[in-house]
Amino acid sequence: DIVLTQSPGTLSLSPGEGATLSCRASQSVTNTYISWFQQKPGQPPRLLIYGASSRAPGIPSRFSASGSGTDFTLTVSSVEPEDFAVYFCHQNGRLPWTYGQGTRLDI
Amino acid sequence: QITLKESGPSLVKPTQTLTLTCTFSGFSLDSEGVAVGWIRQPPGKALEFLAMIYWDDDKRYSPALKTRLAITKDTPKNQVVLTMANVDPVDTSTYYCALGSSPFHYTFHIWGQGTVVTVSS
């Protein structure tokens, strides 16, 4: 199985600061099959990024992502109050499709 | 507008079979490049992919759960059904259905609100 390890586990920031979230895969993953999700308490995940770097419809431009092979990054250029949530990376390139354990972005 | 909604029992006894239904609108599962899948999330834990069914009836399953899962579609009813046999308390989770499609490389880009299932005697 491809294990996705996210770091840090928790990131404590103030609104206006930048955030960098990391996702490391235990095996190389084709960029096409890397995505990032945001989840708030009591809500389903929301797709932010697909294909490693493409923003999903309606996602603000402050969210960007990059990476290749085994190392992927989600960046929030200037965190807004509504961005405090848990963020998951995901690979659907090789079964079993897997998710990271999440990074919590805290105020 | 695309929506998906999960339905099924909130409480299931160990060893029973769990049947969950995803009813969707705003798209057709006989359109090329469309798929619907199931994902679950135990309380406070990470997401886990379960199964996916494509417009052409191709299916993908989590290898770890493959022997217990079956996914089917009823295109006229706009429904996808997931059955999970021989449930155990570790299967207690929120179960989500979600839409995947080829422009998004079949990652799940629209999700239902989820349904909470507890396995307990």
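Residues numbered from 1 in each chain as written. Chains lettered and ligands numbered in written order. Predicted model: local features only at pLDDT ≥ 70, side-chain atom pairs only at ≥ 80, totals over all residues. Heavy atoms only, no water.

Peer 1: Please clarify how the interface of chain A and chain B should be interpreted in this entry.
Peer 2: For an interface, size is often stated in terms of accessible area lost upon the parts coming together. Opposite the 21 residues of chain A that make contact, chain B presents 22 residues. For the pair chain A and chain B, the two sides together bury roughly 1,800 Å², of which 70% comes from carbon and sulfur. Broken down residue by residue, the surface that chain A buries against chain B is led by Pro44, Trp97 and Tyr99 of chain A, which jointly contribute 35%. In this assembly, chain A and chain B are joined by zero salt bridges. (Contact = heavy atoms within 4.5 Å. Buried area = accessible area lost by both parts, 1.4 Å probe. Salt bridge = Lys/Arg side-chain N within 4 Å of Asp/Glu carboxyl O.)

Peer 1: Looking at this structure, how should I read the state of the cysteines?
Peer 2: Put plainly, two cysteines are in a disulfide when a covalent bond ties their sulfur atoms together. All names here are of chain A. Summed over the entire model, instances satisfying the criterion amount to two disulfides over all chains. At a sulfur-sulfur separation of 2.1 Å, the disulfide partner of Cys23 is Cys89. Here the disulfide of Cys23 and Cys89 is right-handed, its torsion about the S-S bond being about 75°. Of this pair, Cys23 sits in strand 3 (residues 19-25) while Cys89 sits in strand 9 (residues 86-91); the two residues are 66 residues apart in sequence, bridging distant segments of the chain. Taking the relative accessible area as the measure of exposure, Cys23 reaches 0% and is therefore buried. (Disulfide = S-S within 2.5 Å. Helix = DSSP H or I, 4+ residues; strand = E, 2+ residues; numbered from the N terminus. Buried < 20%, exposed > 50% of the residue type's maximum accessible area, 1.4 Å probe, protein only.)

Peer 1: Teacher, can you tell me more about the pairing of strand 8 (residues 79-84) of chain B here?
Peer 2: Put simply, side chains in a regular strand alternate between the two faces of the sheet. Residue and element names in this part refer to chain B. The two faces of strand 8 differ: Val80, Leu82 and Met84 on one face are buried, but Gln79, Val81 and Thr83 on the other face are not. Alignment of strand 3 (residues 18-25) against strand 8, held across six bridges, turns out to be antiparallel. Across the sheet, Leu18 pairs through a bridge with Met84, a residue of strand 8. Relative to strand 8, strand 7 (residues 69-74) runs antiparallel, the two sharing six bridges. In the strand pairing of strand 8, Asp74 is matched with Gln79. (Pairing = 2+ DSSP bridges.)

Peer 1: How should the sheet that holds strand 3 of chain A be read in this particular structure?
Peer 2: Pairing between sheet strands relies on hydrogen bonds along the backbone, with the strands arranged either parallel or antiparallel. All names here are of chain A. Read from one edge of the open sheet, four strands run 1-3-8-7, paired in antiparallel fashion. In this open sheet, the two strands that pair with only one neighbour each are strand 1 (4-7) and strand 7 (63-68). Strand-to-strand twist of the sheet, defined as the mean angle between neighbouring strand axes without regard to direction, takes the value 20°. (Axes fitted to C-alpha atoms, helices over the stretch in contact; angles between N-to-C directions.)

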